[in-house]
Amino acid sequence: MQELTVRTASRTHFLNIDDPVSRSVAASGINEGVCHVFVPHTTAGVTINENADPDVLRDMEAILERMAPWRGNYAHREGNSAAHVKASLMGFNQTVLVRGGRLALGTWQSLYLCEFDGPRTRKLWVQVLPAP
Amino acid sequence: MQELTVRTASRTHFLNIDDPVSRSVAASGINEGVCHVFVPHTTAGVTINENADPDVLRDMEAILERMAPWRGNYAHREGNSAAHVKASLMGFNQTVLVRGGRLALGTWQSLYLCEFDGPRTRKLWVQVLPAP
Amino acid sequence: MQELTVRTASRTHFLNIDDPVSRSVAASGINEGVCHVFVPHTTAGVTINENADPDVLRDMEAILERMAPWRGNYAHREGNSAAHVKASLMGFNQTVLVRGGRLALGTWQSLYLCEFDGPRTRKLWVQVLPAP
């Protein structure tokens, strides 16, 4: 298992993590298998989405904000309940296949850490398992 | 790793993929373990849900459409931002256990490719890992 | 693969399952690897979120209820379509890393079975795979 550290830049931030995760896959020495990416937080998640037009990420942030508005009549005193639910909606782990020693993503896909209560320093845990 | 190809029939379509994924599990020769199903796209995802009453899928599509409407004041010029966020909400991978050489799903569960910007031809990548 | 049984207490209930899942990890005898938690139902899911302030879970339930209201003009006669979509939004499986023979969760994280059509008795399937 490898631990990575990244820094998000704003309250909501979809941060491309292809490069650090790819380095973890290379470091594992595994050629064929699966790569598990896990986010050990409760107001940040991890998803996959388009890496070509940054407007896609902007629209995704806006749609999620409409679904779970930052301001609301929330019980949790810290005031970041919307960030908790958004993180659960994106999820805390992604499983990506490994082929030829590399992350096997689709042509338009990238991995994103989804920050919903930043800016902060965040951890990522990566575990690569081999196929038989 | 095995690649499957499926064809969706409409803009939004929950397509049952139990049969092709089950054939991949059988082809792997693995008796006990886990099956990872990965969708290498950004406007289609994969989920699990009920296989008995097709009205459940129809209601799910309608609820998701209300959460992330196809028409909106979106920045992304291609106009399919709602499809991107719906795909992230459903997720791009599902992990299903394998028992006795078969997919171990619950009684009412089936695997669905979730098309949100079809009709299209879509790929599925399947990797099966053995338990010790 | 191990099967666990839990009992939920109300229609919507985020039930902490750290203890039973941790016992499954211990029983597996695996020191380093990954733990897959799978829910074989269609109106209950599994997620990770905060274990400190129970108000977070209450707010999450309220936000999800606003996104997918229990009452609606649904086609499915059983009337629980909102529960089906909420389960897909949270997901039916979580993958948590295993380190030193224990579940590797973040400081504030716990695993929750997400009941959306309870109270009921629910099953959990757990499979632990070793790292090389």
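Residues numbered from 1 in each chain as written. Chains lettered and ligands numbered in written order. Predicted model: local features only at pLDDT ≥ 70, side-chain atom pairs only at ≥ 80, totals over all residues. Heavy atoms only, no water.

Caption draft 1: Summary view of the sheet that holds strand β3 (residues 33-38) of chain A. Residues and elements named next belong to chain A. Reading across from one edge, β1-β8-β3-β5-β6 is the order of the five strands in this open sheet, with antiparallel pairing throughout. Every interior strand has two partners, whereas the edge strands, β1 (2-7) and β6 (102-103), have only one. The pairing of β3 with strand β8 (residues 121-130) spans six bridges and is antiparallel. In the strand pairing of β8, His36 is matched with Gln127. On top of the sheet, helix α1 (residues 18-28) reaches β1, β3, β5 (93-99), β6 and β8; it is set at about 165 degrees to β1, its chief contact. (Pairing = 2+ DSSP bridges. Helix = DSSP H or I, 4+ residues; strand = E, 2+ residues; numbered from the N terminus. Contact = heavy atoms within 4.5 Å. Axes fitted to C-alpha atoms, helices over the stretch in contact; angles between N-to-C directions.)

Caption draft 2: Highlighting the interface of chain C and chain B. At the junction of the two partners, chain C supplies 30 residues and chain B supplies 34 residues. Overall, the association of chain C and chain B removes approximately 2500 Å² of surface from exposure, summing both partners, and the carbon and sulfur fraction of that is 64%. The set of elements that each furnish at least two residues to the side of chain C that touches chain B consists of β3 (33-38), α3 (81-90), β5 (93-99) and β8 (121-130) of chain C. Split by residue class, the side of chain C that touches chain B holds 19 nonpolar, ten polar and one charged. (Buried area = accessible area lost by both parts, 1.4 Å probe. Nonpolar A, V, L, I, M, F, W, Y, C, P; charged D, E, K, R; others polar.)

Caption draft 3: Region of the structure containing the sheet that holds strand β6 (residues 102-103) of chain C. Residue and element names in this part refer to chain C. Spatial ordering of the open sheet is given by β1-β8-β3-β5-β6, a layout of five strands whose pairing is antiparallel. The sheet is open, and its two borders are formed by β1 (2-7) and β6, each paired with just one other strand. Contacting β1, β3, β5, β6 and β8, helix α1 (residues 18-28) crosses the sheet at an angle of about 165 degrees to β1.

Caption draft 4: Examining the relation of the copies chain C and chain B more closely. Once turned by 120 degrees and shifted 0.0 Å along the axis, chain C lies on chain B with an RMSD of 0.0 Å. Expressed as an axis order, the relation between the two copies is that of a three-fold axis. For chain C, the residue whose C-alpha comes nearest the rotation axis is Leu89 of chain C, separated from it by 3.4 Å. Residue by residue, only 20% of the interface of chain C is reproduced at the interface of chain B, so the copies engage with different surfaces. (Least-squares fit on C-alpha atoms with pLDDT ≥ 70 in both.)

Caption draft 5: Examining helix α2 (residues 54-67) of chain A more closely. Over its 14 residues, α2 of chain A runs 20 Å from end to end, which matches the ideal 20 Å to within 8%, given 1.5 Å per residue. For α2 of chain A, the complete set of buried residues consists of Asp55, Val56, Leu57, Asp59, Met60, Ile63, Leu64 and Met67 of chain A. (Expected span 1.5 Å × (residues − 1). Buried < 20%, exposed > 50% of the residue type's maximum accessible area, 1.4 Å probe, protein only.)

Caption draft 6: Structural detail: the interface of chain A and chain C. Opposite the 30 residues of chain A that make contact, chain C presents 34 residues. Buried surface at the junction of chain A and chain C, summed over both partners, amounts to about 2500 Å²; 64% is from carbon and sulfur atoms. On inspection of chain A and its partner chain C, the count reaches zero salt bridges. Taken together, the links from chain A to chain C amount to 14 residue pairs in polar contact (both at pLDDT 80 or more). At the level of secondary structure, the elements contributing two or more residues to the side of chain A that touches chain C comprise β3, α3 (81-90), β5 and β8 of chain A. Tallied by class, residues from the side of chain A that touches chain C come to 19 nonpolar, ten polar and one charged. (Salt bridge = Lys/Arg side-chain N within 4 Å of Asp/Glu carboxyl O. Polar contact = N/O pair within 3.5 Å; in protein donor to acceptor, adjacent residues only side chain to side chain.)

Caption draft 7: Region of the structure containing the relation of the copies chain A and chain C. Mapping chain A onto chain C leaves a residual RMSD of 0.0 Å; the transformation is a rotation of 120 degrees accompanied by 0.0 Å of translation along its axis. Little of the interface of chain A is mirrored in chain C: 20% of its interface residues are interface residues there too.

Caption draft 8: Examining unusual backbone geometry more closely. With an omega of 0 degrees, the peptide bond running from Gly118 of chain A to Pro119 of chain A counts as cis. If you trace the backbone, Pro119 of chain A turns up in the loop between β7 (109-115) and β8.

Caption draft 9: Representation of the nonpolar core within the structure. Ile17 of chain A, Ile17 of chain B together with Ile17 of chain C are the most contacted members of the largest nonpolar core, which totals 147 residues. Non-local contacts of Ile17 of chain C, meaning those with residues more than four positions away in its chain, are made with Val6, Val37, Val46, Leu111, Tyr112, Leu113 and Leu124 of chain C. (Core = buried A, V, L, I, M, F, W, Y, C linked by side-chain atoms within 4.5 Å.)

Caption draft 10: Expanded view of the side chain of Asn49 of chain A. By the secondary structure assignment, Asn49 of chain A is in strand β4 (residues 44-50). Here Ser88 of chain B takes part through its side chain, which lies 2.9 Å from a polar atom of the side chain of Asn49 of chain A. Contact partners of Asn49 of chain A, with chain neighbours within four places excluded, come to Val56, Met60, Trp108, Gln109, Ser110 and Tyr112 of chain A together with Thr42, His84, Ser88 and Phe92 of chain B.

Caption draft 11: How the structure looks around the confidence of the model for chain A. Counting all residues, the mean pLDDT for chain A is 97, and 100% of those residues have values of 70 or more. Among the scores for the predicted complex, ipTM is 0.97 and pTM is 0.98. (pLDDT = per-residue confidence, 0-100.)

Caption draft 12: Region of interest: the pairing of β8 of chain A. Residue and element names in this part refer to chain A. Across the ten residues of β8, seven count as buried, placing the element largely inside the fold. Pairing geometry for β1 and β8, over six bridges, is antiparallel. Each residue of the ladder has a partner; that of Leu4, found in β8, is Leu124.

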